[in-house]
Amino acid sequence: MPQWVPSPSLDQAAALPGVKLAPAGTAGYEEQVARFAQRLWRLLAGSVTTGSAALEQGSRPVLSLFPSKFAESESVEDKQRLEAARAEWARSFSARVDTMRAMLSNNVASDSPTPVIADDE
Amino acid sequence: VGIAFYKIPEATVRPGDVVALAPSYRALKELVHVGQQQTSKGQVSARLLGVPGYEEPPKAALQGKDTKLVVPASLTWGVLLTRGCDIDQGPQRQVAVLRPLSLLQEVSVKEACIRGEHSSLYYLPKPDLSADECSTPLFDESFVDFRFIVSLHKDAFNKLARPVSFTRDAVLDLYFSWMRHTIGPQVKRKAPCGSCGTEMEIFQVAEDFLQPQPEY
C-alpha cells in the first residue's frame, strides 16, 4: 500500500541521478530546481492517488489512499485533543440522529416529486 | 469509534453511497470554452475560446445554447447526496467530495472540523469495515466538503465503484449537516439557555420539543 510521500526539497531534487541542472549558484539554478521539484511532486502525488490499485481494479478503479502531502507530526497533546474531539463526535452522533429521525417522520409524505426537465435528461 | 457509520452498499444505488474516482471540480477562475472540433488523422483538435484577453466566448453560448467548458478537476472519493426518491425517478446524481483530514494543517482546525464547527465540512471517521466485509483499500479519516458538489448523469455515476456506504443514521446526520451548511449559523450545535445561561445541546432541546416527557 502506498505510504505518505513527503514533498521533495530543492536539494533532494537536485541530487537525483540523471538530473542535469545549471551549476549551483549560477543564474536560474534555483528556479530550475524549483520547477523540477514541482513536477516531481505532482508525479508522486498522482501515483499515490491513482496508482497500482487503480490498475488492478480493471474497469472500475478505486483510490488506494489520499495523498497526505500536508501531513504534519502531531505532539502527544495534539493527539489527545483530537482523540477528545473524536470521542465527543461519537457521543453526540446518536443524539443528533434521533433528533433528525423525529423531525423527518412527519414530513416525508408531504414532499412532491421533482419535475422532470427534458433538457436535463 | 463504536458507532455504525459505514456499511457494505446495497445492490441498488442509495444516498450515502461512497464512490471512488468521482470527479471534483475546482472553483473556476475563468470560463474557457471548447470551440469547434476538427478531426484529422485520427486526432481531434479544438480551439479554446473565452480565455480572458485572447478569445471571445462562442456566440452560441451567449445565446443560451449548450457549450463545453474546460474544467480543472481531480478524481477522488465522493459521497452521493441525492435522495432515494430522486435516485429512483431522475437521472441526476449529486456527489460531494471527500477530502482527507490530513489536508488541514493545524491541529486546532482538525479539531474544529471533527467537532462540527465548520458548517461547510462534515467529519468522517476512518472506515472500520473488516477485510471480509470490504477488500478494497478505503480512505483515511476525512471530511465531506459541501463547497464542492458535482452533478453526474446516472450513466457516468453507475460506472464508478461503490465499495462502501453510509448507514441510515450516518446519512441522516450528513443531511442535517448539509442543511446547516445551506442555512448557515442559525443552526448551532450548542447555545446558552435563555433563562439560566447554561450552555445546552441544541439537538437535545429539539428532541425534547419533538418528544416531550410524559409529565410535560
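These numbers come from a predicted model, not from an experiment.

(A) Quick look at the environment of Thr76 of chain B. Assignment of secondary structure puts Thr76 of chain B in strand S5 (residues 73-80). A sequence separation of 22 residues divides Thr76 of chain B from Leu98 of chain B, and the C-alpha atoms of the two residues are 7.2 Å apart.

(B) The arrangement of helix H3 (residues 107-114) of chain B in detail. Residues and elements named next belong to chain B. A large share of H3 lies buried, amounting to six of its eight residues. Among the residues of H3, those classed as buried are Val107, Lys110, Glu111, Ala112, Cys113 and Ile114. Gly116 sits one or two residues past H3 and shows a positive phi near 75°.

(C) Highlighting the confidence of the model for chain A. All names here are of chain A. Looking at chain A as a whole, its pLDDT mean stands at 61, while 28% of the residues score no less than 70. Across chain A, element-level confidence peaks in helix H4 (residues 76-104) with a mean pLDDT of 86 and bottoms out in helix H3 (residues 52-56) with 39. Counting interchain partners and residues more than four positions distant, the pLDDT-below-50 stretch residues 1-8 has 17 contacts. Low pLDDT, under 50, characterises residues 46-71; the stretch is placed with 60 contacts to residues that sit more than four places away or in other chains.

(D) Just helix H5 (residues 168-183) of chain B, in detail. All names here are of chain B. Helix length check: H5, at 16 residues, gives a terminal C-alpha distance of 23 Å against a target of 22 Å (1.5 Å per residue), a fit within 8%. Listing the buried residues of H5 in full gives Ala170, Val171, Leu172, Asp173, Leu174, Tyr175, Phe176, Ser177 and Arg180. Gly184 sits one or two positions beyond H5 and adopts a positive phi of about 80°.

Parameters at a glance
- Residues numbered from 1 in each chain as written.
- Chains lettered and ligands numbered in written order.
- Predicted model: local features only at pLDDT ≥ 70, side-chain atom pairs only at ≥ 80, totals over all residues.
- Heavy atoms only, no water.
- Helix = DSSP H or I, 4+ residues; strand = E, 2+ residues; numbered from the N terminus.
- Buried < 20%, exposed > 50% of the residue type's maximum accessible area, 1.4 Å probe, protein only.
- pLDDT = per-residue confidence, 0-100.
- Contact = heavy atoms within 4.5 Å.
- Expected span 1.5 Å × (residues − 1).

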